Amino acid sequence: SLLIILRQDFQLDVHLNTLRKVLLMEAGLPMSTFCEEMFKDVYTGETLRGMTPFLRECMSPHTNYPHHLRMSVVKQQNPTKQSTGELDMFQCVKVDYLPPFPVDIVLDEELLVIYQKVFTLLLQIKYTAWCVLPLVVQSNLQFPLSNQVHCFRYELINFIKVIQAYTMQRVLHCTGADMRRELDKALELDEYVQIHKKYCHIMEEYCLLTPEYSSCLGAIRHALSKGVKFRRVLDSEELDNAALEQIMRDVRKCIEFVTNLVKKRNQVASVPQPHFDWLETSLS
């Protein structure tokens, strides 16, 4: 059948795995190395141009097709009214995977857009984690603000880790495993295409990237952006106590808003949603 030809002669599964390794960051260490360099440049205000060779170098030991990868920094087409500061930068970072014909029958443009949206979200989460997790609170903060900042740092880290675990493990890992099991059972190309498309849309919904969850995702991104700002304020030579207090209030409001939205979503759900149950429990 055509599916057998695509899988054996054109390595359809290898191309799909390469796409997931990069845009869903399933290639842990090489993508961490790539992100580390990118994040350093973003934080210091350096240009991100010329990252394609480095991305291909990182991925070359892990795929036969690094030359199909291309990274670019594009002008944001539809800027949102609510800015998320430095995180907006990652809306402009685009990694293209250019599958050859006839593999592009399965990996079509519509689905590649979904992969790119997930990739952007992962960059934003990981960049915030990169900024906040190694942060050491300065000892020159006066009491009681020093205690408040220490406590807030742990709250913020917990929130980041929950969102990261939800996205990477509860959504991407679990849906990816389910998709591979179904793809292995596919006998015809149309069946393979429909399974892949179904799981791409499930991934998009569970990652809160559909219009239905825009307010929830907006609050998450706002909290993450405040986390980056938290790092900036603490890194500055002159501490702005008022700014710190405002950041702490804003982040706590966002976390409360997200928690309540997820809780309400679970209450009105017509069928059990284990991933949202997990998110509600972890945020509470």
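Refer to the structure printed above.
A brief structural summary. Since the structure is predicted, the reported quantities are computational estimates derived from the model, not experimental observations.

### Some details on unusual backbone geometry
- P102 follows F101 through a cis peptide bond whose omega is 5 degrees.
- Along the chain, the position of P102 falls in the loop between β2 (93-97) and α5 (109-132).
- Despite not being glycine, Q11 shows a phi value in the positive range, around 55 degrees.
- Tracing the backbone through its elements, the reader meets Q11 in the loop between α1 (2-8) and α2 (12-23).
- Positioned with a positive phi, M25 is a non-glycine residue whose angle comes to about 55 degrees.

### Quick word on the layout of surface pockets
- Reported here for the second largest pocket is a volume of approximately 170 Å³.
- Contributing to the lining of the second largest pocket are 13 residues, with S32, C35, F39, K126 and Q164 lying nearest its centre.
- Listing elements by their share of the lining of the second largest pocket, those giving two or more residues are α3 (28-44), α5 and α6 (145-185).
- Split into classes, the residues belonging to the lining of the second largest pocket amount to 8 nonpolar, 3 polar and 2 charged.

### Section: the side chain of T167
- With respect to the helices and strands, T167 occurs in helix α6.
- One polar contact links the side chain of T167 to the main-chain carbonyl oxygen of I163, over a distance of 2.8 Å.

### Brief notes about the packing of aromatic side chains
- This structure, assessed with the given rule, holds 11 aromatic pairs.
- Pairing F39 with F90 gives two aromatic rings, centres 5.8 Å apart and planes at 85 degrees, and the pair type is edge-to-face. Taken together, the residues span a long stretch of sequence, with F39 in helix α3 and F90 in the loop between β1 (69-73) and β2 at a distance of 51 residues. F90 matches F39 in its accessibility class, with the two residues each being buried.
- In textbook terms, an aromatic cluster arises when at least three aromatic residues are bridged by ring pairs, as seen for F39, Y43, F90, Y127 and W130.
- Directly above the aromatic system of W130 lies the positively charged group of R231, at a separation of 5.9 Å from the ring centroid.
- Residue placement shows R232 over the ring face of Y43; its charged tip is 3.6 Å from the ring centre.

Thresholds applied
Residues numbered from 1 in each chain as written. Predicted model: local features only at pLDDT ≥ 70, side-chain atom pairs only at ≥ 80, totals over all residues. Heavy atoms only, no water. Helix = DSSP H or I, 4+ residues; strand = E, 2+ residues; numbered from the N terminus. 1 Å grid on protein atoms, 1.4 Å probe; cavity = no way out; pocket = protein on both sides within 12 Å on 5 of 7 lines; lining within 4 Å. Points joined across faces, edges and corners; volume = space filled by probe spheres on them. Nonpolar A, V, L, I, M, F, W, Y, C, P; charged D, E, K, R; others polar. Polar contact = N/O pair within 3.5 Å; in protein donor to acceptor, adjacent residues only side chain to side chain. Phe/Tyr/Trp six-rings, centres within 6.5 Å; stacked < 30°, edge-to-face > 60°. Buried < 20%, exposed > 50% of the residue type's maximum accessible area, 1.4 Å probe, protein only. Lys NZ or Arg CZ within 6 Å of the ring centre and 35° of its normal.

Coordinates in, geometry out; function isn't part of it.
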